[in-house]
Amino acid sequence: MLALEMYRSVAKTALGKVAGGRLPMLLTGAAAPLRMVTLDPPKVEHGGWARLRVSLSGICGSDLGMLSGRTSLYFQPLVSLPFVPGHEIVGELVDPCGDLAAGTRVVVDPVLTCAARGLEACEACARGETNRCSRITVGDISAGLQTGFCHDTGGGWSQQLSVHRSQLHVVPEGYSDEQALLVEPVACAVHTARRAAVEPGDRVLVSGAGAVGLLATLALRELTDAGEIVVVAKHAHQRELALEFGATEVVAPSETLRRIRRATSAFMLEPEMMASPYLLGGVDVALDAVGSKESLQTCLHATRAGGRVVLSGMPASADLSAAWFRELEVVGTYASSRGSGDFATALDLVGHDGMCRLAKTVAPYPLHRWREALDHAQSAGRLGTVKVAFDPRRTN
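Residues numbered from 1 in each chain as written. Predicted model: local features only at pLDDT ≥ 70, side-chain atom pairs only at ≥ 80, totals over all residues. Heavy atoms only, no water.

### Looking at the UniProt feature "domain: Alcohol dehydrogenase-like N-terminal" (unreviewed entry) in the protein
Phase 1 of the analysis: Mapped onto the present numbering, the UniProt feature "domain: Alcohol dehydrogenase-like N-terminal" (unreviewed entry) falls on residues 48-172.
Phase 2 of the analysis: Between the end C-alpha atoms of residues 48-172 there is a gap of 22 Å, over a span that is 10% helix and 22% strand. (UniProt positions renumbered as here; feature names shortened; annotations may be inferred. Helix = DSSP H or I, 4+ residues; strand = E, 2+ residues; numbered from the N terminus.)

Take a look at the structure:
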């Protein structure tokens, strides 16, 4: 089968980390530790596993961070190279899998928990907190925090992979493949909204209006009693979608602190030797949906004392002085939780009218046009695209 394979290259990773931000074309050219290969379809020889034929697999911000060398070395022991990326996946079962017949169309919960590894449930998995599994490096398969980062299972940037019954959710009749592709990122947004613990009437700031920010905005509006939701967006199409998904107001990055200051009667301070001002006062909850230093800093500087900052994008390093001085609660939110029914909720939310329209904007590419697809994904916000994906069935 055809697949895109991520491999270990210290030189290319270093080049991407040093120059990728200034020369993004390097990330799909000389600096990309990614190659197209022909492989045997992966087959895990343990109970509960089956082969899945891929229909669509999304390109996520974490995938781009991995290719560019921006991902923290913290994650190195949690993957097994070489691996086929791709964790946002919709496809059809090649084999029967438990109670599911061959040909069943499913979406994949990518986290590889104790159940998938043939292990007795750890404490987190036993509580249903599967995204907190502590056994993601041991068991029947090689290390991998998720499908798409594990050598043995394969990933969605290929024609086939192996999946475990515990990962699968049946796609409802009437949903397009493009809608189904959005279920996994929506499930992550549902988990984010629940982790944010928004109180009725709370003012919320969402920093970023890419896929993560837009879906988080929808989940916050649908699942919480948030009052004002202010979304930070760079591009016109993002502003329109944010408002449709429940934002009260959308602001440009340069306007954010001034807007929050006016709304909350906060004081704005501007240190002489520091590029960014900050507020004394601010929103109750701020959600970083970008993972950049600038976005995280905006959230830390716009949140009132005792408020909550939620890390939804994979975080970059930032000055944490505000978290210490203002006693902010900094909350991580990773993947989704099976015990909380995040995927079931996501399957319902994907039927939202705005989501149906969003699904029609998915940009699919065949595997052999991977450089073009990654270029598109790198510039998705500017080009008006929310989700770029691979369709291994396509030839052009």
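### Focus on the nonpolar core
Phase 1 of the analysis: Among the nonpolar cores identified, the biggest contains 50 residues, and Val186, Val204, Val206, Leu220, Val231, Met355 and Leu358 are the most heavily contacted of them.
Phase 2 of the analysis: Once residues within four sequence positions are removed from consideration, leucine 220 is found in contact with Ala193, Ala196, Val198, Val204, Val206, Ile229 and Leu287.
Phase 3 of the analysis: Ranked by size, the runner-up nonpolar core spans 32 residues in total, among them Leu34, Cys133, Leu145 and Ala363. (Core = buried A, V, L, I, M, F, W, Y, C linked by side-chain atoms within 4.5 Å. Buried < 20%, exposed > 50% of the residue type's maximum accessible area, 1.4 Å probe, protein only. Contact = heavy atoms within 4.5 Å.)

### Section: the UniProt feature "domain: Alcohol dehydrogenase-like C-terminal" (unreviewed entry) in the protein
Phase 1 of the analysis: If you check UniProt for "domain: Alcohol dehydrogenase-like C-terminal" (unreviewed entry), the listed places come out as residues 211-350 in our numbering.
Phase 2 of the analysis: Counted over residues 211-350, helix gives 39% and strand 23%. Its end C-alpha atoms are 13 Å apart.

### A closer look at the sheet that holds strand E14 (residues 303-311)
Working definition: the strands of a sheet are paired by backbone hydrogen bonds and lie parallel or antiparallel to each other.
Phase 1 of the analysis: With parallel pairing, the six strands of this open sheet are ordered in space as E10-E9-E8-E13-E14-E15. Both edges of this open sheet fall to strand E10 (249-251) and strand E15 (329-332), since each of them pairs with a single strand only. Taking each pair of neighbouring strands and ignoring which way they run, the sheet shows an average axis angle of 20°.
Phase 2 of the analysis: Where strand E9 (residues 229-232) meets E10, three bridges bridge the pair, whose relative direction is parallel. Bridge assignment links valine 232 to a residue of E10, and that residue is valine 251.
Phase 3 of the analysis: Its contacts with the sheet put helix H5 (residues 183-196) on strand E13 (283-288), E14 and E15, and the angle it makes with E14 is roughly 160°. (Pairing = 2+ DSSP bridges. Axes fitted to C-alpha atoms, helices over the stretch in contact; angles between N-to-C directions.)

### Focus on the pattern of salt bridges
Phase 1 of the analysis: Tallied over the entire structure, the rule returns 18 salt bridges.
Phase 2 of the analysis: The closest approach of N and O atoms between arginine 51 and aspartate 95, which form a salt bridge, is 2.7 Å. Placement of the pair is arginine 51 in strand E3 (residues 49-58) and aspartate 95 in the loop between strand E4 (89-93) and strand E5 (105-108), with a sequence separation of 44 residues.
Phase 3 of the analysis: Here aspartate 391 ties to arginine 393 by a salt bridge, and the two come within 2.9 Å at their closest N and O atoms.
Phase 4 of the analysis: Exposure remark for arginine 393: the relative accessible area of 46% places this residue in the partly exposed category.
Phase 5 of the analysis: One network of salt bridges, with partners in common, ties together Arg105, Asp177, Asp391 and Arg393. (Salt bridge = Lys/Arg side-chain N within 4 Å of Asp/Glu carboxyl O.)

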